[in-house]
Amino acid sequence: MKILNTNELTDTISRLKAAGKTIVFTNGCFDVLHAGHVRYLAAAKQLGDILIVGLNSDASVRMLKGPERPVNNENDRAEVIAALAAVDFVVLFEEQTAEALVAQIKPQIYVKGGDYNVKDLPEAKHVAGYGGETVLIPEVPGRSTTNIIRRIKGE
């Protein structure tokens, strides 16, 4: 199964690292999936052997985005993301940041979108601490969940 709980994740990570696999990790809400997300995840996958996506839980999305979000529930979001060819595993997390998952996984490569700044990412500090690399993938112009939601609302 591509959707893992944290116990399954620990076992999977150990097995993959023992096999010498390069693990790439990214995280986000992925509330309304669009072509920008698909391209982003495909680009992230090209950086290593295994792509793990940390998915903010519904409660976490509400903390970050407000009471009207998420549009799609965590189980549906996880199922859709897991179905993408570029994604090897999905794991849900409750916190606002993925710091605990980064500490657990210790990916060789941590990926975020180009709208972030490495120095502002708490996860990047952990990654640098054990010798990993943080990579920013450029945004796909015109592809934004926030903009899609604004269009739907007629704003």
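Up top is the structure these notes are about.
Structural notes, computed from the coordinates. Because the structure is a prediction, the values reported are computed rather than measured.

1. Overview of the nonpolar core
Phase 1: Membership of the largest hydrophobic core comes to 19 residues, with the highest contact counts inside it found for Leu9, Ile23, Phe25, Ile52, Leu101 and Ile105.
Phase 2: Sorting the residues of this core by element identifies helix H1 (6-18), strand E2 (23-28), strand E3 (50-56), strand E4 (89-93), helix H5 (99-105) and helix H6 (122-129) as the ones contributing at least two each.
Phase 3: With residues up to four places along the chain from it excluded, the contact list for leucine 101 reads Leu9, Phe25, Gly54, Val91, Phe93 and Lys106.
Phase 4: Core analysis: the next-biggest nonpolar cluster, separate from the first, contains 18 residues, Val24, Ala44, Ala82 and Leu84 among them.

2. Some words on the pattern of salt bridges
Phase 1: Inspection of the entire model under this criterion finds three salt bridges.
Phase 2: Two residues, aspartate 31 and arginine 69, come together in a salt bridge whose shortest N-O distance is 2.6 Å. With aspartate 31 in the loop between E2 and helix H2 (35-45) and arginine 69 in the loop between helix H3 (58-65) and helix H4 (74-83), this pair connects stretches of sequence that are 38 residues apart. The pair aspartate 31 / arginine 69 is uniform in exposure class, with both members buried.

3. Quick word on the pairing of E2
Phase 1: The buried fraction of E2 is high, at six of six residues.
Phase 2: The two faces of E2 match: Ile23, Phe25 and Asn27 on one face and Val24, Thr26 and Gly28 on the other face are all buried.
Phase 3: Inspection of the sheet shows E2 paired to E3 by six bridges, in the parallel sense. The residue bridging isoleucine 23 from the neighbouring strand is isoleucine 50, located in E3.
Phase 4: For the handedness criterion, the β-α-β arrangement of E2, H2 and E3 is classed as right-handed.

What counts and what doesn't
Residues numbered from 1 in each chain as written. Predicted model: local features only at pLDDT ≥ 70, side-chain atom pairs only at ≥ 80, totals over all residues. Heavy atoms only, no water. Core = buried A, V, L, I, M, F, W, Y, C linked by side-chain atoms within 4.5 Å. Buried < 20%, exposed > 50% of the residue type's maximum accessible area, 1.4 Å probe, protein only. Helix = DSSP H or I, 4+ residues; strand = E, 2+ residues; numbered from the N terminus. Contact = heavy atoms within 4.5 Å. Salt bridge = Lys/Arg side-chain N within 4 Å of Asp/Glu carboxyl O. Pairing = 2+ DSSP bridges. Right-handed = clockwise from strand over helix to strand, strands pointing away.

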